[in-house]
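# Overview (structure and organization)
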Amino acid sequence: MAGEYKLLLEGAKELVLVCTQGEKYLLEAGMQHLAVLENASVVIGKDGYIKAAGDAKIIRNQFSGASFEKTIDCSGKCILPGLVDAHTHPVWAGDRVHEFSMKLAGASYMDIHQVGGGIHFTVRHTQEAPEDELFQRFKQRLLRMMRAGTTLVECKSGYGLNLETEIKMLRVIERARRELDIGISSTYCGAHSVPKGKTATEAADDIINFHLPKLKELELNGEIHVDNIDVFCEKGVFDLNSTRRILQAGKDKGLQINFHGDELHPMHSAELGAELEAKAVSHLEEISNEGITAMARAKCAAVLLPTTAYILRLKQPQARKMLEEGVIVALGSDFNPNAYCCSMPMVMHLACVNMKMSMKEALAAATINAAYALGKSHSHGSIEIGKQGDLFIINSPRYSLFFHSNSSYTVVTIIFHE
Ligand SMILES: N=CN[C@@H](CCC(=O)O)C(=O)O
Ligand SMILES: [Zn+2]
């Protein structure tokens, strides 16, 4: 039977709103005071947007005459805003388990990259893979992410490098955007590596003169939609100057800048991100003090990726220093063939243990701040009236149990399309 409202989530033991004043992001001080209500309910309208969130008794009175298509009894459970994964590479074929054993034997990420493995290995397999096969693999990965509470995920291309395969990947991402419930922020990452036989300058010229205009044309035809532009700014990949040229050209075409920087070597990527008014820079294990100051001033989010330092045995990003100095800290899974993690709860757990973030900080970083890094914190990242009704329920009476990797809970993820 049709109801006036789509959904009533009733009487949760804890309702984690995250914030309540339409904040676009939370800095360190704000992260200590996440908004959490006890015995609370949420109402979602037929349009998929949140209509009310608050004390269960007040909501019961306020909506006493209303009808709902569905009611979920949340007593003894917690409701949280859908998790936002601000950095993934989820479209690819070919596993890299052989490289894991090389790394265990002492090879570094760049040792493998320089002999044609790593990203190059995945590029070869992704170039050869039929589009539908790529989509089916990608779909399974997205479903796993959703089962762990992710409702909005950034998805990069970048295992094509040539225009044809980059477009194939972006079409696969577009198909998922149209066919699946999960929200997607799509990123063109054609500068993920320098193709064999080209210099970084030649690859940058190709991207600026051929890739970006073609993407714009496909966007205008309604075939794909791209939100962000990314470059792997790294010693032996794209230097600072090529990175600047590519990102500026993407920005001129209307893309948000969100790129890999200061991961393996100090590159002054953070300073570049601030200069170009990037939405975000990811990794930052090797960020400089000046870079931290510049990012804080520019309100450029730091997307920290705990799985990378873990799997590559890198030094941890300085999350505490960034927080103390006023940087907007967000989290991402960095899901890729090298770091196979679909679970933002695991990422948050690693952020707490290895990067010394508190549970509240990790939750804010994986919700409102990750949404900010994608330019989506007006519609995602907290449970507030007017935002999209993306959230998840855990069958645990305290949301903090969620961070303990051994706790057993089940997740019900609810997502509404925009
Ligand atoms: N550092 C560059 N890109 C990825 C790894 C991609 C790959 O190894 O396939 C990252 O974010 O960790
Ligand atoms: Zn990455």
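Everything numeric here is computed off the predicted structure, so don't read it as measured data.

The next thing to look at is the overall build of the chain. Helix and strand content of the chain: 16 helices and 15 strands. For a compact globule of 418 residues, the expected C-alpha radius of gyration is about 22 Å, and the chain comes in at 21 Å, within 12% of that figure. Its C-alpha atoms give the chain principal-axis dimensions of roughly 70 × 45 × 40 Å. Going through the 418 residues of the chain one by one, you find that 59% of them count as buried. By sequence separation, contacts in the chain at least 24 residues apart represent 73% of the contacts at least 6 residues apart. Working note: accessible area of the chain is about 16,000 Å², and carbon and sulfur atoms make up 51% of it. Here the chain carries 44 positive and 50 negative side-chain charges, and the mean point of each set is 3 Å from the other.

Time to look at the sheet that holds strand β9 (residues 228-233). With respect to topology, 8 strands assemble into an open sheet ordered β6-β7-β8-β9-β10-β11-β12-β13, the strand pairing being parallel. Only two strands of the sheet have a single partner each, and these edge strands are β6 (83-85) and β13 (329-331). Direction aside, the axes of adjacent strands within the sheet are offset by 25 degrees on average. In this sheet, strand β12 (residues 301-304) lies alongside strand β11 (residues 280-283) in parallel orientation, the contact comprising 3 bridges. Within the sheet, the bridge partner assigned to Ser282 lies in β12 and is Val303.

Next up on the list: the pattern of salt bridges. Counted under the stated rule, the structure contains 23 salt bridges. In this structure, the salt-bridge partner of Lys214 is Glu217, at a minimum N-O distance of 3.2 Å. One end of the pair is Lys214 and the other is Glu217, both in helix α8 (residues 200-220) and 3 residues apart, which spans about a single turn. One network of salt bridges, with partners in common, ties together Glu174, Arg177, Arg178 and Asp227.

Another aspect to go through is the packing of helix α5 (residues 119-128) against helix α7 (residues 163-179). As a packed pair, α5 and α7 sit with axes 10 Å apart at the nearest point and diverge in direction by 75 degrees. Put simply, α5 runs roughly perpendicular to α7. Across the interface between the two elements, Thr126, Gln127 and Glu128 of α5 pack against Thr165, Lys168 and Met169 of α7. Taken together, the residues of the contact of α5 with α7 sort by class into 1 nonpolar, 3 polar and 2 charged.

Mapped onto the elements of the fold, Ser186 is located in strand β8 (residues 183-191). At 3.2 Å, the side chain of Ser186 forms a polar contact with the backbone oxygen of His225. Those residues in contact with Ser186 that lie beyond four places of it in its chain are Cys155, Leu170, Ile173, Arg177, His225, Val226, Asp227 and Asn228.

The next subject is the coordination of the zinc ion (ligand 2). The protein atoms donating to the zinc ion (ligand 2) are His87 (NE2), His89 (NE2) and His260 (NE2), with metal-donor distances spanning 2.0 to 2.1 Å. Coordination at the zinc ion (ligand 2) is tetrahedral: its 4 donor atoms span angles of 98 to 122 degrees at the metal. Written as a sequence motif, the donor residues of the zinc ion (ligand 2) are H-x1-H-x170-H. One end of the pair, His89, is in the loop between β6 and α3 (97-104); the other, His260, is in strand β10 (residues 256-261), with 171 residues separating them in the sequence. Assessed through its relative accessible area of 2%, His89 is described here as buried.

The next thing to look at is the domain arrangement of the chain. Taken domain by domain, the chain consists of domain 1 (5-81 + 381-414) and domain 2 (83-373). Of note, the centres of domain 1 and domain 2, computed from C-alpha atoms alone, are 30 Å apart. Taken together, the contact pairs 30 residues of domain 1 with 33 residues of domain 2. Both sides of the domain 1 and domain 2 interface together cover about 2,400 Å² of buried area, and 69% of this is carbon and sulfur. Taken as a group, Tyr25, Met31 and Phe403 account for 29% of the area that domain 1 buries against domain 2, more than any other trio of residues on that side. Remark: the boundary between domain 1 and domain 2 carries 1 salt bridge. Of the charged contacts in the structure, one is a salt bridge between Arg320 and Glu28, with a shortest N-O distance of 3.1 Å. For the interface between domain 1 and domain 2, the tally reads 6 residue pairs in polar contact (both at pLDDT 80 or more). Where the side of domain 1 that touches domain 2 is concerned, the elements lending two or more residues are β1 (5-18), α1 (28-31), β5 (78-81), β14 (391-394) and β15 (411-414). Top contributing element to the side of domain 1 that touches domain 2 by residue count: β15, with 3 residues.

All right, on to the site of ligand 1 then. In the vicinity of ligand 1 there are 15 residues, among which Arg96, Tyr109, Tyr159, His283 and Asp334 approach most closely. A distance of 2.6 Å separates an oxygen atom of ligand 1 from a polar side-chain atom of Tyr109. Side-chain polar atom of Tyr159 to an oxygen atom of ligand 1: 2.5 Å apart, as the coordinates give it. Contact with the protein chains removes 100% of the 330 Å² of surface that ligand 1 exposes when unbound. For the shell around ligand 1, a count of residues per class yields 5 nonpolar, 7 polar and 3 charged.

Moving on, we come to the packing of helix α6 (residues 131-147) against α7. In contact at an axis separation of 10 Å, α6 and α7 are set at 50 degrees when each is read in the N-to-C sense. The angle between the axes of α6 and α7 places the two elements in the oblique class. Crossing of α6 over α7 shows right-handed handedness. When α6 is examined against α7, the residues Glu131, Asp132, Leu134, Phe135, Gln136, Phe138 and Leu142 are found in contact with a partner set consisting of Lys168, Arg171, Val172, Ile173, Arg175, Ala176 and Glu179. Of the residues that constitute the contact of α6 with α7, the class distribution is 7 nonpolar, 1 polar and 6 charged.

Quick notes on the rules
- Residues numbered from 1 in each chain as written.
- Chains lettered and ligands numbered in written order.
- Predicted model: local features only at pLDDT ≥ 70, side-chain atom pairs only at ≥ 80, totals over all residues.
- Heavy atoms only, no water.
- Helix = DSSP H or I, 4+ residues; strand = E, 2+ residues; numbered from the N terminus.
- Rg over C-alpha atoms; globule rule 2.2 N^0.38 Å.
- Buried < 20%, exposed > 50% of the residue type's maximum accessible area, 1.4 Å probe, protein only.
- Contact = heavy atoms within 4.5 Å.
- Areas by Shrake-Rupley, 256 points an atom, 1.4 Å probe, with all protein chains shown as cover.
- Lys, Arg positive; Asp, Glu negative; His and termini not counted.
- Charge placed at Lys NZ, Arg CZ, Asp CG, Glu CD.
- Pairing = 2+ DSSP bridges.
- Axes fitted to C-alpha atoms, helices over the stretch in contact; angles between N-to-C directions.
- Salt bridge = Lys/Arg side-chain N within 4 Å of Asp/Glu carboxyl O.
- Parallel < 35°, antiparallel > 145°, perpendicular 65-115°, else oblique.
- Nonpolar A, V, L, I, M, F, W, Y, C, P; charged D, E, K, R; others polar.
- Polar contact = N/O pair within 3.5 Å; in protein donor to acceptor, adjacent residues only side chain to side chain.
- Donors = N, O, S within 2.8 Å, 3.2 Å for Na, K, Ca; no water.
- Tetrahedral: all angles 85-135°; square planar, octahedral: opposite > 155°, others 65-115°.
- Domains from an automatic or database assignment.
- Buried area = accessible area lost by both parts, 1.4 Å probe.
- Near = heavy atom within 4 Å.
- Left-handed = near helix turned anticlockwise from the far one by under 90°.

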